[in-house]
Amino acid sequence: MVIFVNFDINKLKKSEDLALLLGMFVGDGCMSIGHNGYGYRTYPIAFVNTNKEYVELFKGLFYKIFQVKGSFFLNRRKNKKDLWHFQKCSLGIYDLFNKEFEMPMGKKASVVRIPSFILNADIIIKKYFFLGYLITDGCIKKDGSLMFHCSSKNLLEDLKQLTKSVWGFERNIRKFIQRGKYISYQLTLNKTQGFVILSDLPTWHNLALRGP
């Protein structure tokens, strides 16, 4: 097991920066089980988004927290939006994300959850996580309502619990079956609830709430 002598893990788990970063990572991050040309594991921590500003924000938070820089590059796609990438290969940080921050390796879409220490944290930490997840995998609709749609029921159950604990809103999760076999789930907050939440989120990151 990797030991992190330079990190106070308990203090780190109470960090607003980490909560925001993990919210973004749950939305658009991944820890693939990759190998190099020699067959050795590469341990990549990656974050991908069409919004350059979000990837720059993630990159800045990553450096602020771990004091290491990752690569930052653009993937141009024909007839699709360009993708901005951040990636850092590090066994130590990969291990930290998996074992301490409860982020799954490999395909995480249907199994990812909100880390237990976030659900048990102070309200401000929950707000930063919510903000990170909202700007990456959430949707702010024109009428001000908020919508989250994903394949992990447990993730939305966690988000439902977090939302109720912070703002007192109780919402039901809807189940969808697409093409007769693909199951997904949706949590929606109406425009009145959306207004309350958006007005209450951390203000210094409001710039990140702008669309791409």
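Below or above, wherever it landed, is the structure these notes cover.

About the thresholds
- Residues numbered from 1 in each chain as written.
- Predicted model: local features only at pLDDT ≥ 70, side-chain atom pairs only at ≥ 80, totals over all residues.
- Heavy atoms only, no water.
- Helix = DSSP H or I, 4+ residues; strand = E, 2+ residues; numbered from the N terminus.
- Buried < 20%, exposed > 50% of the residue type's maximum accessible area, 1.4 Å probe, protein only.
- Contact = heavy atoms within 4.5 Å.
- Areas by Shrake-Rupley, 256 points an atom, 1.4 Å probe, with all protein chains shown as cover.
- Lys, Arg positive; Asp, Glu negative; His and termini not counted.
- Charge placed at Lys NZ, Arg CZ, Asp CG, Glu CD.
- Polar contact = N/O pair within 3.5 Å; in protein donor to acceptor, adjacent residues only side chain to side chain.

Regarding the overall build of the protein
For step 1, the next point in the chain: For the protein, the helix and strand inventory stands at eight helices and eight strands.
For step 2, the next point in the chain: Across its three principal directions, the C-alpha atoms of the protein cover 50 × 45 × 30 Å.
For step 3, the next point in the chain: The buried share of the protein, reckoned over its 212 residues, is 45%.
For step 4, the next point in the chain: A sequence separation of at least 24 residues applies to 66% of the contacts in the protein between residues at least 6 apart.
For step 5, the next point in the chain: Surface summary for the protein: the accessible area is close to 11600 Å², and the carbon and sulfur share equals 50%.
For step 6, the next point in the chain: The averaged location of the 17 negative side-chain charges in the protein is 8 Å from the averaged location of its 32 positive side-chain charges.

Let's talk about the side chain of Ser 15
For step 1, the next point in the chain: Summarising the element assignment, Ser 15 is placed in the loop between α1 (9–12) and α2 (16–28).
For step 2, the next point in the chain: You can call Ser 15 buried: its relative accessible area is 17%.
For step 3, the next point in the chain: Here Leu 18 takes part through its backbone nitrogen, which lies 3.2 Å from a polar atom of the side chain of Ser 15.

So, the environment of Lys 108
For step 1, the next point in the chain: If you trace the backbone, Lys 108 turns up in the loop between α4 (91–99) and α5 (116–119).
For step 2, the next point in the chain: It is 8.8 Å that separates the C-alpha atoms of Lys 108 and Ser 152, two residues lying 44 residues apart in sequence.
For step 3, the next point in the chain: Setting aside anything within four residues of it in sequence, one finds Lys 108 in contact with Phe 25, Val 26, Gly 27, Gly 29 and Cys 30.
For step 4, the next point in the chain: Among the polar contacts listed, one links the side chain of Lys 108 to the backbone oxygen of Val 26, at a separation of 2.7 Å.

All quantities given are derived from atomic positions and should not be read as evidence of function.
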